[in-house]
Amino acid sequence: MKAMVLESMEKGAHLINVELPEITENDEVILQIKACGVCATDIKVMKGDIETNGVPRILGHEPMGIVVKKGSAVHNVKIGDRVVTATYVTCKSCKYCRTGRETLCEHVSARIGITMDGAFAEYMKIKCQNLVKVPDGVRDEEAAVMPCGAGVPYHALVKRIKLTPMDRVIVLGVGGVGMQALQLAALCGAETAAVDINEDKLGMARDNGAAYTVNSSEEGYLEKLRARGEWNVLFDTTGYPPAITGCASILVSGSRVVLAGYGKDKSLSIPLADVVLKELEIYGSRGVSIQDIEELMSLVERKKLQPVTHIYPMQKIEQVFEDLQNNRLTGRAVIVP
């Protein structure tokens, strides 16, 4: 089958032929992949910023597929079911898993498309515990972004900080994650400002709920934000410290800073006096839980959320990666085999 494989750090990732996956444990299933979202994390893996547990490695951690084979111990799905999978294969028994924070699992056995083979392929193998069924009213490409593209802002804004209609949110970076964040914030009744360096993305942000848009490559962009009123939430998807520090500087007292972007060896500086005297609350937000995915599926099925996606054939995946690295993509790119 065709798959996007990171052959080595020197050779990079390329579309090549590989063997079909086979069931080796009775709690596994084989999925025929119908769609897989593209994420900046894929780039981090390709650059060696995230450990892969060895190469070659098939990339892709936002899979949607159809169950075509299953082990004898699999009872939660049947052949023909449409499903997506959570990224983390967790232990289900540590203190974090048992208290609803499974993305912090102490004994993660694998991360799809990172430490185990992923879904930029025609087929993939996964543990049945990770599967979430896709309702009939949700399209393949919409479902594919639930485990990450839409799930990350949902986990951050709805679960971590419990966004309310009283909040005014700066969304820093409106790519595949930030664009979905604008819709989710609107669903919570919050007002948003989209901040990016790409005018095409800012134009799309206005169509997806942003009350204001500001180009952060322009001089005086922080003053423009401040002129739009008081902001009490900053949600960052970029992992770009200078922009985070700048936007945090204009937040009012009692604000929350929610960080979903990161990078190897990057550190963040926010004046300690601001954190203490303004009582700023700083939140990290990691990944997406299975419950997050199920709740998002309900929102999409009921047309409360419409994920912003663009579909590309597998043959164009290398060009999609290049466009992602050069900030040319709008919305969430989704690869179909």
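All residue numbers refer to position in the chain's written sequence, counted from 1. Selection of residues for local features in this predicted model requires a pLDDT of at least 70, selection of side-chain atom pairs for listing and counting requires 80 or more, and totals for whole chains, interfaces and linings are taken over all residues. With hydrogens and water stripped out, all remaining heavy atoms of the structure feed into the side-chain values.

J.: Sorry if this is basic, but what is going on with the sheet that holds strand E13 (residues 212-215) here?
T.: The strands that make up a sheet pair up through hydrogen bonds in the backbone, lying either parallel or antiparallel. Strands are treated as partners if at least two bridges between them are detected by DSSP. The numbering of helices and of strands both runs from the N terminus, where a helix is a DSSP run of H or I of at least 4 residues and a strand a run of E of at least 2. Judged by pairing direction, the sheet is parallel, and its six strands sit side by side in the order E13-E12-E11-E14-E15-E16 without closing on themselves. In this open sheet, the two strands that pair with only one neighbour each are E13 and strand E16 (281-284). Recorded for the sheet is a direction-independent mean angle of 15 degrees between the axes of neighbouring strands. Across five bridges, strand E11 (residues 168-172) lies against strand E12 (residues 191-196) in parallel orientation. Within E12, the position partnered with Arg-168 by the bridge is Glu-191. Packing against the sheet, helix H3 (residues 151-160) makes contact with strand E14 (233-236), strand E15 (256-259) and E16, and its axis sits at approximately 155 degrees to E14. Docked against the sheet, helix H5 (residues 199-207) engages E12 and E13, running at close to 170 degrees with respect to E13. The axes used here are C-alpha line fits, helices contributing only the stretch in contact, and every angle between their N-to-C directions lies in the interval 0 to 180 degrees. Contacts are assigned to residue pairs that have any heavy atoms within 4.5 Å of one another.

J.: Would you take a moment to explain the pairing of E13 for this structure?
T.: Consecutive side chains of a regular strand alternate in pointing toward one face of the sheet and then the other. Both E12 and E13 contribute to a ladder of four bridges, which runs parallel. From the neighbouring strand, Ala-193 faces E13, where its bridge partner is Tyr-212. The handedness of the E12 to E13 crossover, carried by H5, is right-handed. Look down the strands so they point away from you; if going from the first strand over the helix to the second traces a clockwise path, that crossover is right-handed.

J.: Would you take a moment to explain the sheet that holds strand E1 (residues 2-8) for this structure?
T.: Spatially, three strands are ordered E2-E1-E4 in an open sheet, and the strand pairing comes out antiparallel. Unpaired on one side and paired on the other, strand E2 (12-17) and strand E4 (57-58) mark the two borders of the sheet. Where E1 meets E4, two bridges bridge the pair, whose relative direction is antiparallel. Following the sheet pairing, Leu-6 is matched in E4 by Arg-57. Against the sheet, helix H10 (residues 317-325) makes contact with E1 and E2, and its axis sits at roughly 160 degrees relative to E2, the strand it touches most.

J.: Teacher, can you tell me more about the pattern of salt bridges here?
T.: Here the idea is simple: oppositely charged side chains can pair when their charged atoms come close. The working definition used for a salt bridge is a side-chain nitrogen of Lys or Arg within 4 Å of a carboxyl oxygen of Asp or Glu. Tallying each qualifying case throughout the model produces 18 salt bridges. For Lys-159, the salt bridge is made with Asp-292, and the minimal N-O distance between the two is 2.8 Å. Of the two residues, Lys-159 is situated in helix H3 and Asp-292 in helix H9 (residues 290-301); the sequence distance between them amounts to 133 residues. For Asp-292, a relative accessible area of 1% translates into the label buried. Each of Glu-25, Asp-27 and Lys-127 takes part in salt bridges that share partners, so that together they form one network. A simple rule labels every residue: compare its accessible area, found with a 1.4 Å probe on the protein chains alone, to the largest value its type can have, and call it buried under 20%, exposed over 50%, or partly exposed in between.

J.: Please clarify how a nonpolar patch on the surface should be interpreted in this entry.
T.: Patch membership is restricted to residues that have no salt bridge and whose relative accessible area is over 30%. Joining uses 9 Å for like charges and 5 Å for the nonpolar side chains Val, Leu, Ile, Met, Phe, Trp and Tyr. Computed with a 1.4 Å probe, the accessible areas rest on the Shrake-Rupley method; for each residue, only the protein chains presented here act as cover. On the surface, a cluster of nonpolar side chains totalling about 360 Å² of accessible area is made up of Leu-272, Val-276 and Leu-277. Tracing the backbone through its elements, the reader meets Val-276 in helix H8 (residues 272-277).

J.: For this particular structure, what's the right way to read the packing of H3 against helix H4 (residues 178-187)?
T.: Angle between the axes and distance between the axes: these two values describe a pair of packed helices. Close contact between H3 and H4 brings their axes to 8 Å; oriented N to C, the two are set at 40 degrees. Considering only the axes of H3 and H4, their crossing is right-handed. Residue-level contacts link Pro-153, Tyr-154 and Leu-157 of H3 to Gln-180, Ala-181 and Leu-184 of H4. Polar here means any residue other than Ala, Val, Leu, Ile, Met, Phe, Trp, Tyr, Cys and Pro, which are nonpolar, and Asp, Glu, Lys and Arg, which are charged; Gly is therefore polar. Taken together, the residues of the contact of H3 with H4 break down into five nonpolar, one polar and no charged. Each crossing gets its handedness from the near helix: less than a right angle anticlockwise from the far helix is left-handed, clockwise is right-handed.

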